[in-house]
Each structure stands twice: as structure tokens, then as C-alpha cells.
Amino acid sequence: MFDGYVVKAAVAGAITRRGSDRKSITFAEAIADGLPVKEVDGVAKVLEADDGLDAMIGVKVRVHDGWALQVFPQEGTVLSIGFIQVPIAEADEPKRNQPVFFDPANNVFTTDKTKTPVRAVFAANGQADGCAEIEVVQQVAVATSAAA
């Protein structure tokens, strides 16, 4: 059951709160809204299974251009810091402040720690319409053990 901020009508790639940091990048091909991207030779590419935590530059933002033909390459927007809705694995029930991972085989975010790490935490409990809200952060806090 979803009990976070987004109650219905979730749309992948939709920015959910003000104060985000967005950046422009060239897209050489169509990339689905709400997917994490990295920069390769100045062009956006979807994260891959072997990418590390530092590879992600942001999450692709949804920009509605109506029925206009998309010609590539074209400039697009990624959210580098802020809150955004993203596609999530169907069986996942995320909890607020839980680390976020990306499953490149299925193009969904997940709570599965065996997948590709991204610099984000879940911003709300649960999911709606196949989406969850995440907070993309500048740096992920890593828990350390206490000194003996």
C-alpha cells in the first residue's frame, strides 16, 4: 500500500518538488523518461550493470513535446539533484530513505542491493502506477561500523 507523497497518476520522469538541479545533455537516441543516465563522449547513455556509483549524472526528465517528431541528436534534460518519479520493479515496496538501485536488464529502479547503485534514496513509502518517488542526491551517505 502506498502511503507517501504521490497518491495517484504517477508518471516516470516527472519532477515532484521544487528546488531541483537540472542539466542539459545531448541524447543521440531515445531514452525512456525516468531512467538514470551517464555521460559517454558527451552523449547520454542509460546506466549499465557494471557502472559504479559515480557513473550516474542524473535521471532523464520528462519533457512533453506533443506529437512533434523527435530528431536525434537533440538536447535533453537530466535531474542531477532533486525529487523525481521513476519506474520501479513491480514487486518492490520501498521505504523512505532506503537506498536506490537500478536494474538495467528490466529498466526499472529497485531495492535489490545486487543491482547497479545510484546516488539516490526513496523519498516516499511504496509505489503507485508502477512508479516510486526518489530523491537524487549529490552524495550517498555510507554507513560505517563504529571504531573498536
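Here, every reference points to the structure presented above.
Residues numbered from 1 in each chain as written. Predicted model: local features only at pLDDT ≥ 70, side-chain atom pairs only at ≥ 80, totals over all residues. Heavy atoms only, no water.

A. Representation of the nonpolar core in the model. Core analysis: the largest hydrophobic core is formed by 24 residues, its most contacted members being V59, I84, F109, V118 and I134. Elements that contribute at least two residues to this core include exactly β1 (21-27), β4 (56-60), β5 (74-87), β6 (99-103), β8 (116-122) and β9 (131-136). A per-element tally of this core places β5 first, with 4 residues. If sequence neighbours within four positions are ignored, I84 has contacts with G13, A14, I15, T16, V59, K60, V61, L79, A132, E133, I134 and V136. (Core = buried A, V, L, I, M, F, W, Y, C linked by side-chain atoms within 4.5 Å. Buried < 20%, exposed > 50% of the residue type's maximum accessible area, 1.4 Å probe, protein only. Helix = DSSP H or I, 4+ residues; strand = E, 2+ residues; numbered from the N terminus. Contact = heavy atoms within 4.5 Å.)

B. Molecular detail of the pattern of salt bridges. In this structure the tally under the stated criterion is 4 salt bridges. Across the salt bridge formed by D51 and K38, the nearest N and O atoms sit 3.1 Å from each other. Residue D51 is located in the loop between β3 (43-46) and β4, and its partner K38 is located in strand β2 (residues 36-40); the two are separated by 13 residues in the primary sequence. Residue class for D51 comes out buried when judged on its relative accessible area of 14%. Given the relative accessible area of 10%, K38 is considered buried. Each member of the salt-bridge network shares a partner with another, and the members are K38, E48 and D51. (Salt bridge = Lys/Arg side-chain N within 4 Å of Asp/Glu carboxyl O.)

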